[in-house]
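Topology and contacts: notes
Residue-level listing of the chains:
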Amino acid sequence: VAGQDSNTVGFTVTERVRVNPVIDTVDPDAGPIGEYLTLTGRNFGVIAGQVFFRNTRTGEIGAASDPFPAACVGNSWHDTSVTIKVPRAIGLAGGSPVTPDRYQIFIRRNGDGVESNRVNFTVNTNPPHPGLCAITPVAGPVGASVSLVGERFGSRVDTVTFQGSTPAARVRAGPIAPLSWTDGT
């Protein structure tokens, strides 16, 4: 600054390691158009990339880009999990409708374009389940109020279940008396 050098502090330049994104699970592994899916794994990146569906019969590929409720925008992509909806169409500019068939799902990370492994998914004609795309806050003490955002919750108050990291760590929080309950569709 102003021609004066500061003290020195050590700094080591390292080679940038490119670790591929890895999808470990897709939950659920089958569902209809509009079904919410959670991809879990690692190295997805913290800035939203893209999720693709590839029809294994036709080879056609397209991005999963169906919109979420406004409150979920920006909450669906994390380094270890991504929430998406089964798209209505894939292919060039979304030109081909998604039909019941077998697909592969993969991630293309933002920034470097590195693709993940491919995991299998079956599109079926079942009715879609309730879909959850955001919870706030993401942590809190017992008795804390939380907001759940998604679609197809139904119009009547029902049970909410929190699943811990093991099957034994499952807590039912219902029937509940929420401050508010809306269908979210």
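Reference entry: report on the structure contained in this document. Bear in mind the structure is a predicted one, so any value in this text is a computation, not a measurement. (Residues numbered from 1 in each chain as written. Predicted model: local features only at pLDDT ≥ 70, side-chain atom pairs only at ≥ 80, totals over all residues. Heavy atoms only, no water.)

Take the nonpolar core next. In terms of nonpolar packing, the biggest core is built from 20 residues, with V51, F53 and I105 touching the most fellow members. Elements that contribute at least two residues to this core include exactly β1 (22-27), β3 (36-42), β4 (50-55), β6 (81-85), β9 (101-108) and β10 (119-123). Of all hydrophobic cores here, the second largest spans five residues; its members include Y36, F68, C72 and C133. (Core = buried A, V, L, I, M, F, W, Y, C linked by side-chain atoms within 4.5 Å. Buried < 20%, exposed > 50% of the residue type's maximum accessible area, 1.4 Å probe, protein only. Helix = DSSP H or I, 4+ residues; strand = E, 2+ residues; numbered from the N terminus.)

What follows concerns a nonpolar patch on the surface. A surface patch of nonpolar side chains, about 490 Å² in accessible area, is lined by L132, I135, V138, V146, L148 and F162. Relative to the helices and strands, L148 resides in strand β12 (residues 147-151). (Patch = residues over 30% accessible without salt bridge, like charges linked within 9 Å, V, L, I, M, F, W, Y side chains within 5 Å. Areas by Shrake-Rupley, 256 points an atom, 1.4 Å probe, with all protein chains shown as cover. Salt bridge = Lys/Arg side-chain N within 4 Å of Asp/Glu carboxyl O.)

Glancing now at the sheet that holds strand β2 (residues 30-31). Reading across the sheet, the five strands line up as β2-β10-β9-β4-β5 and stay open at both edges, with mixed pairing between neighbours. Single-partner strands in this sheet number two, and they are β2 and β5 (61-63). Pairing of β2 with β10 involves two bridges; the strand directions are parallel. Counted as the bridge partner of G31 is V123 from β10. (Pairing = 2+ DSSP bridges.)

Tallying each qualifying case throughout the model produces three aromatic pairs. Ring plane angle 65° and centroid distance 6.2 Å describe the contact between F53 and Y103, whose orientation is recorded as edge-to-face. Pair noted here: F53 is in strand β4 and Y103 is in strand β9, with a separation of 50 residues, a long-range link. You'll find F53 and Y103 in the same group, each marked buried. Between F53 and F121, the ring centres sit 6.1 Å apart and the planes meet at 85°, which makes this aromatic pair edge-to-face. Here F53, found in strand β4, pairs with F121, found in strand β10; they are 68 residues apart in sequence, far enough to count as distant. For the pair F53 and F121, one class covers both residues: buried. Each member of the aromatic cluster is reached from another via a ring pair, and the members are F53, Y103 and F121. (Phe/Tyr/Trp six-rings, centres within 6.5 Å; stacked < 30°, edge-to-face > 60°.)

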